[in-house]
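Structural description and commentary
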Amino acid sequence: MRPHLLALLAKEPAHGYELKQALEQTFGSAYPSPNIGQIYVTLGRLEKDGLVRAVDVEQSNRPNKKVYYLTAKGRESLTTWVEEPTEGPRVRDEFFMKLVLAPLTGIADRMALINRQRRHYLSLMSDLNDLLARTPAADRVALLLIEGAMLHLQADLEWLERCQEDLA
Amino acid sequence: MSVIKAVNLVKIYSGGAVPVPAVRGVDLQVEPGEFVAIMGPSGSGKSTLVHMLGGLDARTSGEIWLDDKRVDTLSESAWALLRRKKIGFVFQFFNLVANMTVADNVELPALLAGASPREARERRQNLLGALNLSERADAAPGQLSGGEQQRVALARALANQPSVLLADEPTGNLDSRNTRDVLRLLTEVHKDGQTIIMVTHDARVAALADRLVSLFDGAIVDDGRIARRRTGTAGEVIDLR
Ligand SMILES: Nc1ncnc2c1ncn2[C@@H]1O[C@H](COP(=O)(O)OP(=O)(O)OP(=O)(O)O)[C@@H](O)[C@H]1O
Ligand SMILES: [Mg+2]
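So, here's what we can say about the structure. (Residues numbered from 1 in each chain as written. Chains lettered and ligands numbered in written order. Predicted model: local features only at pLDDT ≥ 70, side-chain atom pairs only at ≥ 80, totals over all residues. Heavy atoms only, no water.)

**Overview of the side chain of B:Thr179**
Its location among the elements puts B:Thr179 in helix H6 (residues 176–191). If we skip the residues at most four places from it in the chain, B:Thr179 touches B:Thr171, B:Leu174, B:Asp202, B:Arg204 and B:Val205. (Helix = DSSP H or I, 4+ residues; strand = E, 2+ residues; numbered from the N terminus. Contact = heavy atoms within 4.5 Å.)

**Side note on the pairing of strand E8 (residues 195–199) of chain B**
If a strand is regular, its side chains alternate between the two faces of the sheet. All names here are of chain B. Most of E8 is tucked away: 5 of the 5 residues are buried. Of the two faces of E8, both are covered, the one formed by Thr195, Ile197 and Val199 as well as the one formed by Ile196 and Met198. When strand E3 (residues 35–39) meets E8, the two strands line up parallel, connected through 4 bridges. Pairing of Ile38 across the sheet is with Val199, part of E8. Bridging between strand E7 (residues 164–168) and E8 involves 5 bridges; their strand directions are parallel. For Leu166, the partnering residue across the bridge sits in E8 and is Ile197. Taken together, E7, H6 and E8 form a β-α-β motif whose crossover is right-handed. (Buried < 20%, exposed > 50% of the residue type's maximum accessible area, 1.4 Å probe, protein only. Pairing = 2+ DSSP bridges. Right-handed = clockwise from strand over helix to strand, strands pointing away.)

**Quick look at helix H6 (residues 110–134) of chain A**
Residue and element names in this part refer to chain A. With 25 residues, H6 should reach 36 Å at 1.5 Å per residue; the first-to-last C-alpha distance of 36 Å fits that figure. Where burial is concerned, most of H6 is hidden: 18 out of the 25 residues are buried. At the N-terminal boundary of H6, the capping side chain belongs to Asp109, with an oxygen 3.3 Å from the backbone nitrogen of Met111. (Expected span 1.5 Å × (residues − 1). Polar contact = N/O pair within 3.5 Å; in protein donor to acceptor, adjacent residues only side chain to side chain.)

**Comments concerning the pairing of strand E4 (residues 61–66) of chain B**
Residues and elements named next belong to chain B. Because side chains alternate across E4, one face comprises the buried residues Gly62, Ile64 and Leu66, and the other comprises Ser61, Glu63 and Trp65, none of which is buried. Across 5 bridges, the pairing between strand E1 (residues 4–13) and E4 is antiparallel. If you follow Ala6 over to E4, its bridge partner there is Ile64. The sheet contact formed by E4 and strand E5 (residues 69–70) spans 2 bridges and is antiparallel. Bridging from a neighbouring strand, Trp65 pairs with Arg70 of E5. The antiparallel hairpin formed by E4 and E5 contains 2 residues in its connecting segment, where Asp67 sits at a positive phi of about 45°.

And the structure:
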């Protein structure tokens, strides 16, 4: 959850509960409702690592609340997260998170993210093309694995196109 | 020197009730031997763009250059002449000559471009062989499946060894085995220096390209290289993902 909170804080400083609400609002049912304790634990770790800092804000007839904001180091870490190509499983994957959160960060717009990811997928596909050409016909299990990976990639690319039509 | 160059190319279809801007100011330059894939959602202007590049559809404004000669100002007959020599075109909805055999469909463009009958025949035999169509050489296009017709259209477009191959969804009707034949042929001609501009939704085909151009709403929104990355065994390459 670390980069997700960083992205929300790139938009504006917030306290823990506001971050919980922002996650829920931004993702709707696409994100399991985050537990407030978990958010505070994560914020504590981010603070310890120097990625966010907190200021105490006084409130009339209530205990002070801690408002968190992004440090330069936090922004740098967020930039790295947004810009590196995304590996890993699909569905609500890292790329999906970047795509939803990108407009808040001001680092990259969705069109740029989608375009970069599309070329990344095609370069993976190009590896698979090479692999397919080099794999002997007798190695049938490997061929199936490669074709499976290709079909997944093709589906990912089609989904990117849907995202582009819908979000851009 | 580029093989093909478009400068601020615009196409507005104005036949209907409201004008449709299909291509809005495209700049594109393709170097000799480059393989460019064009992708984009349905209606984003991909067919319109390649039709204009091949002189099959008149531009509304902008310039087209082929082998460093300005061609958008040519008459229709001058275009037709140029196309014979320099351009191979595969249509999204393949149009083969219905009353000619497959073999003649493929030989004709080579002959029109000035090849001798013997050269044209050899080239036809090679191309049909590569696409696993030798046995269908004497059939009429109407007797072929969609996928077979599509492969004949590709063979025909390559028959005159064009400066540039323009292809619009050349694998749209192919099953995976036929796609593999097409992939192999494209890889081969590309290795031999064939310049290719290809519209495709098929990621396997697009991944053969050196460069990807993404169209959206008639404009280029991305234009960059497709990185060649690592090699290894299936387990390694796929596990790393
Ligand atoms: N002859 C025509 N008259 C009017 N509008 C047209 C004509 N041909 C295409 N268009 C319109 O121009 C736009 C671009 O069409 P084009 O065929 O170039 O899209 P495409 O990217 O090739 O789509 P697809 O992936 O479905 O083949 C579309 O909005 C289409 O409706
Ligand atoms: Mg089209």
